[in-house]
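Working through the structure, step by step
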Amino acid sequence: MQRSQTPLNFHPAVLPNRPEKGEEPEAACSVTATIFLTLADEEFDELCFEFGLELDEITSEKDIISKEKGDGKAEGASEVILYKIDVPANRYDLLCLEGLVRGLQIFKERIRAPRYKRLMPPSGGIQKLTITEETIPVRPHAVAAILRNITFDKDRYESFIDLQEKLHQNICRKRSLVAIGTHDLDTISGPFTYTAKPPSEIKFKPLYQDKEYSGSEIMDLYRTDSHLRHYLHIIENEPVYPVIYDSNGVVLSMPPIINGDHSKISLNTRNVFIECTATDLTKAKIVLDVLVTMFSEYCQKSFTVEAVEVTYPNGKSYILPELAYRREKIKPEIMNKKIGINETPSSLAKLLTRMCLKSHVIGNGNNIEVEIPPTRADIIHSCDIIEDAAIAYGYNNIQMTLPKTYTIANQLPLNKLTELLRQDLAAAGFTEALTFALCSQEDISSKLGIDISATKAVHIANPKTAEFQVARTTLLPGLLKTIAANRKMPLPLKLFEISDIVVKDSTKDVGTRNHRHLCAIYYNKNPGFEVIHGLLDRVMQLLEVPPSKEKGYYIKATDEPVFFPGRCAEIFAKGQRIGNLGVLHPDVITKFELTMPCSALEITIEPFV
């Protein structure tokens, strides 16, 4: 399974000492524990690979700035060595240095996995967060927890803030699903209320500002902010904005935009109140669990989290964070078969334990019980457990074997034909281009004089840019844009492309169908229709299709908005229409920012396979 990667930058890794006899094993997990073993770069690279990660680059802040902006801008930048590691996007527990070091320590069997505990306040005065029904239309969910008696230093504080930002960009989907707020509990007073109000009724001093603003003024304030402006769209068109108050009416935050300055945390903060508002409750619980498990090691009682009672508008109350451990059973023979190894059940259980999945053999050795901690939200199915066992065993240690089923690989006929045509078109003096499979709606419709509804185009549900809104239904726009980008090259420009186009097809299980097209363009001071027509004849000669109406190919005059009237023809072969050729309409040429006449040919090659 291919997974997206999240880069993680941090200072050179160091592994703490193995705990002495009688010492609490969890204590050695602290990044600030006594350190004596420093790994060489090659050793750390190998360790990351064994753990299923990749050390992407060893660099520094100065090198990064130098590459991006030049040596002049890099003067005075830090030369401290940074390790850039690619972390699987669903391993939220490895997005901070605390989680990474803890995971590597457990993997190397230097410490045991800590046990995360949720504690109730000894006095019974649990903090409460009440959600009102006004939040339902905008952001209906909230979860909360408290890190009690935590000790920050500069590195811990920066790591705490950095993890929140990485979670915001990852599982939180840029705060659209979940937004995290952290507050100094000693500056506010519970119980807390999560509600929603019209922007004009919300007024508070945002983080690091020196005066109060209303909700709408905050939107205007951050509209040009390079960081926060990307989140304004989440709520700015809503009639009410989410807001969290304490019992004295002090605003903690206006999620998902900004926290209040009154409750901001600092290096001196001892008690942290964490709230996560969300549109997805499951994601919110995962985010809260990750945040508190990573940094609860700095609390006076390590790996403990104080509970908060959250009450919903329907009256139901929940004690959070859940910090739930769950158990799964898996058969050793299935694991061995899937990985391709032959290990004993106890060995397999040990492998899983090294991956933070505490395991032991049960019954007569025919089952392994695996305990999945709250930090491993990525473990969804038994195949995820098997994957972790394979990583711990070492992919390079799996013995290569010949497959039981023998097959002879062969190139698909359509791909083979494509390769042959590419060589001959290049020999005919045309240059091959490879253009994007996605394009804008205008490229395949208005610029070609066609209505978008007539194109059968497949639309992208959430396009990131106007340039990539639909899958291309023709190769012509891509080649025209390539010509436009190379106008200064010597004339004539002769380009071709053989690639797939995509159209809707309700008869297919995916609702779409790919077609392999050949498109060629001739751009010069004269239209060069004879050049394109000659290329068609050469292609048909290569395909051994004679010029004949009965058993070969022929062209028939037609009118299409893409082409100049009277200078367009349909191409027929194998008893069907396979494409068209002609001189492009001046309007089409102008819309693609070209100034000279142009002839084009586009056919499907699938009937000739």
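Numbers given to residues run from 1 along each chain, matching the order in which its sequence is written. Residues qualify for local features only when their pLDDT is at least 70, as the model is predicted, and side-chain atom pairs are given and counted only at 80 or more; totals for whole chains, interfaces and linings, by contrast, use all residues. Remark: hydrogens and water are excluded; side-chain values derive from all non-hydrogen atoms of the structure.

Section: the state of the cysteines
Just so we agree on the cut-off: The disulfide criterion is simple: two cysteine sulfur atoms within 2.5 Å. Under the scheme applied here, a residue whose accessible area is under 20% of the maximum for its type counts as buried, over 50% as exposed, and between as partly exposed, the area being computed with a 1.4 Å probe on protein chains only.
Here the structure, examined in full by the defined rule, presents zero disulfides. You can see C568 has no disulfide; the closest cysteine sulfur is in C519, sitting 13 Å from it. Residue C568 is classed as buried on the basis of its relative accessible area, which comes to 6%.

Notes on the UniProt feature "domain: B5" (unreviewed entry) in the chain
Selection rule: UniProt positions are given in the numbering used here, feature names are shortened, and annotations may be inferred rather than shown by experiment. Segments assigned H or I by DSSP are reported as helices when at least four residues long, segments assigned E as strands when at least two residues long, and all are numbered from the N terminus.
UniProt's feature table lists "domain: B5" (unreviewed entry) at residues 323-400, given in the numbering used throughout. In the segment residues 323-400, helix accounts for 38% and strand for 21%; the C-alpha atoms at its two ends are 40 Å apart.

Comments concerning the sheet that holds strand β19 (residues 317-320)
Note the threshold: Any two strands with at least two DSSP bridges between them are considered paired.
Taken together, seven strands build an open sheet; the order of strands is β15-β14-β13-β10-β7-β18-β19 and the sheet is mixed. Two strands lie at the open edges of the sheet, namely β15 (258-259) and β19, each paired on one side alone.

So, the packing of aromatic side chains
What counts is decided by this rule: Stacked, tilted and edge-to-face are the three classes applied to pairs of Phe, Tyr and Trp rings, where Trp contributes its six-membered ring and a pair requires centres within 6.5 Å; stacked means planes under 30 degrees apart, edge-to-face means over 60, and tilted covers the rest.
Per the counting criterion, the structure on display carries eleven aromatic pairs. Here the aromatic rings of F160 and F295 are separated by 5.0 Å at their centres, their planes lie at 75°, and the arrangement is edge-to-face. Of the two residues, F160 is situated in helix α4 (residues 154-169) and F295 in helix α6 (residues 281-295); the sequence distance between them amounts to 135 residues. Residue classification places F160 among the buried residues on the basis of a relative accessible area of 0%.

Observations regarding the pairing of strand β18 (residues 308-311)
Of the two faces of β18, the one holding V308 and V310 and the one holding E309 and T311 are both buried throughout. By the bridge criterion, four bridges tie strand β7 (residues 127-131) to β18 in an arrangement that is parallel. Along β18, the bridge assignment pairs Q127 with V308. As paired strands, β18 and β19 are joined by four bridges and run antiparallel to one another. Among the inter-strand pairings, E309 is bridged to a residue of β19, identified as I319. If you look at the hairpin formed by β18 and β19, you'll find five residues sitting between the two strands, and G315 has a positive phi there, around 95°.

Details of helix α10 (residues 413-427)
Put simply, the rule reads: Helix span, expected: 1.5 Å multiplied by one less than the number of residues in the helix. Arc definition: directions from the helix axis to the C-beta atoms.
If you check α10, its first and last C-alpha atoms are 21 Å apart, about what 15 residues at 1.5 Å a residue would give, namely 21 Å. Considered for burial, the residues of α10 that qualify are L414, L417, T418, L421 and L425. Viewed along the axis of α10, the buried residues span an arc of 100°, placing them on a single side of the element. Facing away from the buried side of α10 by more than 90 degrees, the exposed set consists of Q423 and A427.

Focus: the sheet that holds strand β29 (residues 563-573)
Taken in spatial order, the seven strands of this open sheet run β23-β26-β27-β31-β30-β29-β28, and their pairing is mixed. A single partner strand is all that each edge strand has here, and the edge strands are β23 (431-432) and β28 (553-557). In the sheet, strand β26 (residues 493-504) pairs with strand β27 (residues 512-523) via twelve bridges, with the strands oriented antiparallel. Residue pairing across strands places L495 opposite I521, the latter belonging to β27.

Description of the packing of helix α8 (residues 345-354) against helix α9 (residues 382-393)
What counts here: All axes here are fitted lines through C-alpha atoms, helices being fitted over the stretch that makes contact, and every angle between N-to-C directions spans 0 to 180 degrees. By definition in this entry, angles of less than 35 degrees are roughly parallel, angles greater than 145 are roughly antiparallel, angles of 65 to 115 are roughly perpendicular, and the rest are oblique. Note on contacts: a residue pair is in contact if any heavy atoms of the two residues lie within 4.5 Å. Here the nonpolar group is Ala, Val, Leu, Ile, Met, Phe, Trp, Tyr, Cys and Pro; Asp, Glu, Lys and Arg are the charged ones; every other residue, Gly included, is treated as polar.
Look at α8 against α9: their axes get within 8 Å of each other, and the N-to-C directions meet at 90°. Taken as axis vectors, α8 and α9 run roughly perpendicular relative to one another. Note on element contacts: α9 touches α8 through I385, D388, A389, A392 and Y393, opposite L351, L352 and R354. Split into classes, the residues belonging to the contact of α8 with α9 amount to six nonpolar, no polar and two charged.

Details of the environment of A77
Looking at the element boundaries, A77 is found in the loop between α2 (61-69) and β5 (81-88). A77 sits 409 residues away from N486 along the chain, and the two C-alpha atoms are 39 Å apart. Residue contacts for A77: discarding those within four places in its chain leaves E61, K62 and I65.

Things to note about the nonpolar core
For the record, the criterion: To qualify as a nonpolar core, a set must consist of buried Ala, Val, Leu, Ile, Met, Phe, Trp, Tyr and Cys residues joined through side-chain atoms within 4.5 Å.
If you look at the biggest cluster of nonpolar residues, it comprises 86 residues, and the most contacted ones within it are L129, L147, F160, L167 and I274. In terms of residues, this core owes the most to one element, α6, which gives eight residues. Sequence-distant contacts of L147, defined by excluding residues within four places in its chain, comprise F160, R270, N271, V272, I274, V292, F295, S296, C299 and V305. Core analysis: the next-biggest nonpolar cluster, separate from the first, contains 27 residues, F430, F496, I532 and Y553 among them.

Quick notes on the side chain of R376
Mapped onto the elements, R376 comes out in the loop between β22 (367-372) and α9. Given the relative accessible area of 2%, R376 is considered buried. Beyond its immediate sequence surroundings of up to four residues, R376 is in contact with R91, D93, M355, L357 and D388.

A word on the pattern of salt bridges
Here is the rule we go by: Here a salt bridge means any side-chain nitrogen of Lys or Arg lying within 4 Å of a carboxyl oxygen belonging to Asp or Glu.
For the structure shown, the criterion picks out 31 salt bridges. With its nearest N and O atoms 3.9 Å apart, the salt bridge here joins E109 to K350. Taken as a pair, E109 in the loop between α3 (97-107) and β6 (117-119) and K350 in helix α8 lie far apart in primary sequence, 241 residues in all. Owing to a relative accessible area of 40%, E109 belongs among the partly exposed residues under this scheme. A relative accessible area of 48% places K350 in the partly exposed class. We note a salt bridge from D424 to R538, for which the minimum N-O separation is 4.0 Å. Of the two residues, D424 is situated in helix α10 and R538 in helix α13 (residues 529-542); the sequence distance between them amounts to 114 residues.

Thoughts on a negative patch on the surface
So the rule is basically this: Any residue with relative accessible area above 30% and no salt bridge may belong to a patch, with like charges joined within 9 Å and the nonpolar Val, Leu, Ile, Met, Phe, Trp and Tyr side chains within 5 Å. Computed with a 1.4 Å probe, the accessible areas rest on the Shrake-Rupley method; for each residue, only the protein chains presented here act as cover. Residues scored as charged are limited to Lys and Arg (positive) and Asp and Glu (negative), so that His and the chain ends carry no count. A charge is said to be at NZ when it belongs to Lys, at CZ for Arg, at CG for Asp and at CD for Glu.
A surface patch of negative charge is lined by D41, E42, E43, D45, E46, E50, E54 and D56. Element by element, the count of residues in the negative patch is highest for helix α1 (residues 41-50), at six residues. For E46, the location among the structural elements is in helix α1. E46 sits in the partly exposed class, given a relative accessible area of 42%.

Side note on the packing of α4 against α6
Worth spelling out the cut-off: Two helices that cross are described as forming a left-handed crossing if the nearer one is turned anticlockwise from the farther one by less than a right angle, and a right-handed crossing if clockwise.
Relative orientation of the contacting elements α4 and α6 amounts to 160°, with a least axis distance of 11 Å. By the angle class used here, α4 and α6 are roughly antiparallel. Note on packing geometry: the crossing formed by α4 with α6 is right-handed. Side by side, α4 and α6 meet where R156, S159, F160, L163, Q164 and L167 of the first sit next to V287, V290, L291, M294 and F295 of the second. By residue class, the composition of the contact of α4 with α6 is eight nonpolar, two polar and one charged.

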